[in-house]
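Secondary and tertiary structure notes
Here are the chains, one letter per residue:
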Amino acid sequence: MGLLMVKTANQSVPAGSQIALLSLSHLSHPYGSFDHMASPATAAEEENLPQVLLLLHPAAFTIFGEEHFTSAKFRFLKAYESSLPLDEFLAANARSVRALLVSAATVVGAGILDLLPELRVIVTTSAGLDQLDLAECRRRGIRIASAGDIYSADVADCAVGLLIDVLRKISASNRYVKNGFWASKGDYPLGSKQLRGKRIGIVGLGRIGLQVAKRLQQGFGCTVSYNSRKKKNPDQVPYPFYQDVRELAANSDALILCCGLTEQTRHAVDKEVLAALGKAGVIVNVARGAVVDEKEMVRCLVEGEIAGAGLDVFEDEPVVPKELLELDNVVLSPHSAVLTRESMMELARLVVGNLEAFFSNEPLLSEYEDD
Amino acid sequence: MESIAVLMTKPIYSYLQAELEKRFKVLKLWEAQDGSRFLEDHNQIIRAVVSDGGTGLSPELMAALPKLEIVSSFSVGMDKIDLGKCKEKGIRVSNTPDVLTDDVADLAIGLTLAVLRKLPASDRYVRSGMWKKGEFKLGTKQFSGKSVGIVGLGRIGQAIATRAEGFGCKISYHSRTPKPESSNYTYYPSVVDLAAHSDILVVACALTNETRHIINREVIDALGPRGVLVNIARGATVDEPELVSALVEGRLGGAGLDVFENEPNVPEQLIELDEKVVLAPHAGSGTEETRKGMADLVVGNLVAHFEGKELLTPVV
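Quick caveat: nothing in here was measured; it's all calculated off a predicted structure. Along each chain, residues carry numbers from 1 onward, in the same order as the chain's sequence is written. Working convention: letters from A go to chains and numbers from 1 go to ligands, in the order in which they are written. Reporting in this predicted model follows two pLDDT cut-offs: at least 70 for local features of residues, and 80 or more for side-chain atom pairs to be given and counted; totals over whole chains, interfaces and linings ignore these cut-offs and use all residues. Heavy atoms from the whole structure form the basis of all side-chain values; hydrogens and water molecules are not counted.

Topic: the overall build of chain B
Within chain B, the regular secondary structure consists of 13 helices and 12 strands. As defined in this context, the radius of gyration uses C-alpha atoms, and a globule is described by 2.2 Å times the residue total to the power 0.38. The C-alpha radius of gyration computed for chain B amounts to 21 Å, which stays within 12% of the reference 20 Å derived for 316 residues, consistent with globular compactness. Once the C-alpha set of chain B is aligned to its principal axes, its extents read approximately 65 × 50 × 30 Å. Throughout, exposure labels follow a simple rule: accessible area from a 1.4 Å probe, protein chains only, divided by the maximum for the residue type, with under 20% read as buried, over 50% as exposed, and the rest as partly exposed. By residue count, 60% of the 316 residues in chain B fall in the buried class. Within chain B, counting contacts between residues at least 6 apart in sequence, those at least 24 apart form 58% of the total. With the model as given, the accessible surface of chain B reaches about 12800 Å², and the carbon-plus-sulfur share is 49%. Side-chain charges of chain B comprise 36 positive and 42 negative groups, with the mean position of each set lying 3 Å from the other. Secondary structure elements follow DSSP: runs of H or I no shorter than four residues count as helices, runs of E no shorter than two count as strands, and numbering proceeds from the N terminus. In what follows, residue pairs with any heavy atoms lying within 4.5 Å of each other are defined as contacts. Accessible surface area values rest on a Shrake-Rupley calculation with a 1.4 Å probe, where residue burial reflects the displayed protein chains alone. His is not counted, nor are the chain ends; Lys and Arg add positive charge and Asp and Glu add negative charge. For this purpose, a charge sits on NZ of Lys, CZ of Arg, CG of Asp or CD of Glu.

Shown next as structure tokens:
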């Protein structure tokens, strides 16, 4: 029963099979030590602590260290450490579990929820919620706490960094210099494009989109326009609004995708939008891979129908279309826009805070509310 | 004007050469079998030199051209031209300011983000197939809200400050004298103090006798193991061997470098340090739009001079 398809670092496999994601948190991790660490409970005390279920090893644990996510008020139940198939593991161990901690990669639908009858809260390390079946959660009265606003600056910075990299060929010319070509072949060929005056089309003007807009228009002299579910109040948001993504693309030199993934935004950037963006156009995606028709985008890049792309997300992570791996006009990153030390510190506080609040019957710190 | 002889010291940019050839008699020093002989043969007619930032006008070349009236440089940097001597001899000098300000500032921010967020290393992580094998483990640092220290608050330094402000960064600077119009930025009379109070130190000053190796061991140590140095100015503003050893020993966190002491040669250890260091091939002004703008200024200054008009962008 393939009830949980998860995107692991190895490949999409049914959870519960041998997932070779060893917890490396006990080894030194990239950020060194960090002063705030929870004091561990004794073994006896631990037995009585409420459990927080983990279906997958979170990237945040790998990059920042599991010890920052521990608390004297709960303990983790790690499904991925068991060799049992997931449904058996949950039936044997998780029938009374009330809290679940997930990441962007953990797809949670009715199948899993059926096996967690006491589940009352899902805390996710992601800002996005597309991996959760929100209707099912709502139906069962399961509350959700997301990463809220903590990532907005880092994701915006990543979008701008990718845009500059694509236009100015920073990663490509870094390779050029490090391969010794500057000395042997001469100056890196031009093809770099200026930022000033570029028309930027932002798809999704939420917290992240607004920060991208501010950086590019105020700082770099770009001209920003946007598409969003609804037009924003022009007194507060001075950028021109386009109802239609294709029309936005037709009037943009670069499209930056900052929207959540929903049924409405799935493949919003399709063949028509890419054609409207045109041969000189560039796309930056820090949203979700599925906002773009990836196959079509790859074809456009290979055939020169668009000029370049900066991509942090893909439709089937960690699989990246092999054609992209050969192109010099794309910049790729492994869904790492939020993996800065600063964001991980904030995340650890928020995750522990949300879980402790839940177990103390206090309001969640970052509860998701339907609008 | 087609009979006026203009000497190009090296092949700089094909559009520039074409525009010069439309208007002047262009002599190409690099095509000569014997450079000195070539200059001797033509020294009575050469009235202008077109050069770039890296080559400038050597003392030998100046001495070999008694009829030289103007040097029009395809650069904003003037460190390879003896401006005092030109003034003495009545030789005009022009450069290409303003047209390249945005591009250089954009690259400074681009390099900063590339270093802090390990963009080239992340790109390689994906291309090499490593992402499929395991979670990304490279620690990266936030840029927003960080303290940015700028050495040299001229046009380019100011443009960098404006961009960094969009990220909520705190701006401080060092320059020869404080700038009253920049009172919202913190001024440091000492570069060491500026470095001590900065997460990212950006070098944006002209290269002069005073600024040679202005970024020395003391400054680098003050910037520290978590600090990042970005240089879009001139390689010689930084003591390069000291920079290299600081990075190797972990006394400096990272560097984004567009310029080097001996271009196009780059110290091997900088290449080996990989993810801590992002390197660019002196590409600060390297966009099609800007190079064209620079070329138009070079040509425009020459035309103005020979028409007896004011230079567009005179230095001397």
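Next comes the rest of the write-up.
A look at unusual backbone geometry
The omega torsion across Glu317(A) and Pro318(A) is 0°, close enough to zero to call that bond cis. Within the secondary structure, Pro318(A) is located in the loop between strand E12 (308-311) and strand E13 (330-332). For the peptide bond that leads from Glu263(B) to Pro264(B), omega is 0°, which places it in the cis range. The residue Pro264(B) is located in the loop between strand E11 (254-257) and helix H12 (268-273) in this model. In the Ramachandran plot, Asp98(B) falls in the positive-phi region, its phi being about 70° despite a non-glycine side chain. By the element assignment, Asp98(B) lies in the loop between strand E5 (92-94) and helix H5 (101-116).

What about the interface of chain B and chain A?
Each partner contributes residues to the interface: chain B has 61 residues there, and chain A has 64 residues. Where chain B abuts chain A, roughly 5200 Å² becomes buried across the two surfaces, and 59% of that area is made up of carbon and sulfur atoms. In short, buried area is how much 1.4 Å probe accessible area vanishes from two parts on joining, totalled over both. The largest per-residue losses of area from chain B upon contact with chain A belong to Arg127(B), Trp131(B) and Pro281(B), which jointly make up 15% of the total buried on that side. Here, a salt bridge means any side-chain nitrogen of Lys or Arg that lies within 4 Å of a carboxyl oxygen of Asp or Glu. Across the salt bridge formed by Asp102(B) and Arg196(A), the nearest N and O atoms sit 2.4 Å from each other.

What to know about the domain arrangement of chain B
It is common to report an interface's size as the accessible area lost on association of the parts. Residue and element names in this part refer to chain B. Residue ranges for the domains originate in an automatic or database domain assignment. One can read the domain layout of chain B as domain 1 (5-97 + 289-306) and domain 2 (101-279). When each unit is reduced to the centre of its C-alpha atoms, the spacing between domain 1 and domain 2 is 32 Å. Summing the contributions of domain 1 and of domain 2, the shared interface buries around 450 Å²; its carbon and sulfur component is 47%. Put simply, domain 1 and domain 2 have one salt bridge between them.

Things to note about the UniProt feature "domain: D-isomer specific 2-hydroxyacid dehydrogenase catalytic" (unreviewed entry) in chain A
UniProt positions are given in the numbering used here, feature names are shortened, and annotations may be inferred rather than shown by experiment. In the UniProt entry, the feature "domain: D-isomer specific 2-hydroxyacid dehydrogenase catalytic" (unreviewed entry) is given for residues 85-366 of chain A. Between the first and last C-alpha atoms of residues 85-366 of chain A the distance is 32 Å; the span itself is 37% helix and 13% strand.

Here's the deal with the UniProt feature "domain: D-isomer specific 2-hydroxyacid dehydrogenase NAD-binding" (unreviewed entry) in chain A
Residues given the UniProt feature "domain: D-isomer specific 2-hydroxyacid dehydrogenase NAD-binding" (unreviewed entry) here are residues 160-337 of chain A. Measuring from the first to the last C-alpha atom of residues 160-337 of chain A gives 11 Å, for a span that is 33% helix and 14% strand.

A few points about the sheet that holds E11(B)
All names here are of chain B. Only when DSSP finds a minimum of two bridges between them are two strands counted as paired. Spatial strand order, E8-E7-E6-E9-E10-E11-E12: seven strands in an open sheet with parallel pairing. Two strands bound the open sheet, and with one partner strand each, they are strand E8 (186-187) and strand E12 (277-279). For strand E6 (residues 147-151) and strand E9 (residues 200-203), the ladder comprises four bridges, and the chain directions are parallel. Each bridged residue has a counterpart across the sheet, and for Val-148 the counterpart in E9 is Ile-200.

Things to note about helix H11 (residues 240-249) of chain B
All names here are of chain B. When H11 is considered as a whole, its buried residues turn out to be Glu-240, Leu-243, Val-244, Ala-246 and Leu-247. An end-on view of H11 places all buried positions within 165° of arc, on one side of the element. For H11, exposure combined with an orientation more than 90 degrees from the buried face picks out Pro-241 and Glu-249. Where H11 is buried, its residues contact helix H10 (217-223), strand E10 (228-231), E11, H12 and E12. Backbone geometry just downstream of H11 places Gly-250 in the positive-phi region, at approximately 80°. Directions from the helix axis toward the C-beta atoms define the arc.

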